[in-house]
Amino acid sequence: PTKAWLHDAFLYRAHALPRGSHKIRARIKLVAADVPPGELKPTETVESPEMKVNIRDIFAIWMEDAARMASKDLLRDLKQKATASSVPKKAKLAFDGRNDTHWVCAPGDPYPSISVELQRVVKAGRVVFTQASARAASLGDFDRIKVVEIRINNQKAPIRVELDPDQIAVTTFALPKPRTIRRLSIRIVERVPGRERGQAGFSKIVLTK
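Below: a short report on this structure.

Calculation rules
- Residues numbered from 1 in each chain as written.
- Predicted model: local features only at pLDDT ≥ 70, side-chain atom pairs only at ≥ 80, totals over all residues.
- Heavy atoms only, no water.
- Phe/Tyr/Trp six-rings, centres within 6.5 Å; stacked < 30°, edge-to-face > 60°.
- Helix = DSSP H or I, 4+ residues; strand = E, 2+ residues; numbered from the N terminus.
- Buried < 20%, exposed > 50% of the residue type's maximum accessible area, 1.4 Å probe, protein only.
- Core = buried A, V, L, I, M, F, W, Y, C linked by side-chain atoms within 4.5 Å.
- Contact = heavy atoms within 4.5 Å.
- Salt bridge = Lys/Arg side-chain N within 4 Å of Asp/Glu carboxyl O.

Quick word on the packing of aromatic side chains
- For the structure shown, the criterion picks out one aromatic pair.
- Plain terms: the ring middles of Phe129 and Phe202 are 5.8 Å apart, the flat faces sit at 40 degrees to each other, and that makes the pair tilted. One end of the pair, Phe129, is in strand β7 (residues 113-131); the other, Phe202, is in strand β11 (residues 201-208), and 73 residues separate them in sequence.
- A relative accessible area of 0% places Phe129 in the buried class.
- Judged by relative accessible area, Phe202 falls into the buried class, the value being 0%.

Pasting the structure below:
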């Protein structure tokens, strides 16, 4: 600067923060007013008090995937049979393509799993997950799923998938290569407890190209 900074507003565009609660502070390095132009020493660092901010309404990349899910869902209008390790009667709700329905496991199910058998094979390149707590009103009700294992058809070695840490977010997992799928199985292997401890599941599981 060509003059000393005094009572002027100083704007700084911070990197976008994800949804949730964060603690932030400003740390500013100042150059003395009598330092010749071009010189950067001596300096002094000042730090603001800590401030808590809550981020709620943001645009994230996964929202684009969420908007396209319905039109690209390969399971739409396809006859299927869904099963689960617990609460099997509601397993089909994870594959019905709707956001207002879901399947969640029973509280005593330590490693819940859910599967779908398709009437005919489909060729897919991506598996898309939406957790059961996919709306702000229900955020935190169920356990937040961290990691799942998926098996396609009769494969023995599972594929490990880490879900987005934002429980509302859609997770899109690209398969190593497009696969012809008749049966898809998902097993929940890691999760963080929610208010309804022991219950976790999915609002939507979708296959896309």
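Describing the nonpolar core
- Residues Ile114, Phe129, Val148, Ile150, Phe202 and Ile205 are the most contacted members of the largest nonpolar core, which totals 33 residues.
- Of all elements in the fold, only β5 (80-84), β7, β8 (144-152), β9 (159-162), β10 (170-192) and β11 reach the threshold of two or more residues within this core.
- Sorting elements by how many residues they give to this core places β7 first, with seven residues.
- Other than its neighbours up to four places away in sequence, Phe129 contacts Val148, Ile150, Val161, Leu163, Ala169, Val170, Thr171, Ile186, Phe202, Lys204 and Ile205.

Quick word on unusual backbone geometry
- A cis amide bond links Lys41 with the next residue in sequence, Pro42, at an omega value of 5 degrees.
- Topologically, Pro42 is positioned in the loop between β2 (27-31) and β3 (43-47).
- With a phi angle near 50 degrees, Val87 is a residue other than glycine that sits in the positive phi range.
- Among the structural elements, Val87 can be located in the loop between β5 and β6 (103-104).
- In this structure Val87 comes out as partly exposed when scored by relative accessible area, which is 32%.

Remarks on the pattern of salt bridges
- All chains considered together, the criterion is met by nine salt bridges.
- Residues Glu117 and Arg183 are paired through a salt bridge, measuring 3.1 Å at the closest nitrogen-oxygen approach. Of this pair, Glu117 sits in strand β7 while Arg183 sits in strand β10, and the two are 66 residues apart along the sequence.
- Here Glu117 falls in the partly exposed class, since its relative accessible area comes to 33%.
- Salt bridges sharing common partners tie together Arg25, Arg27, Glu47 and Glu50.

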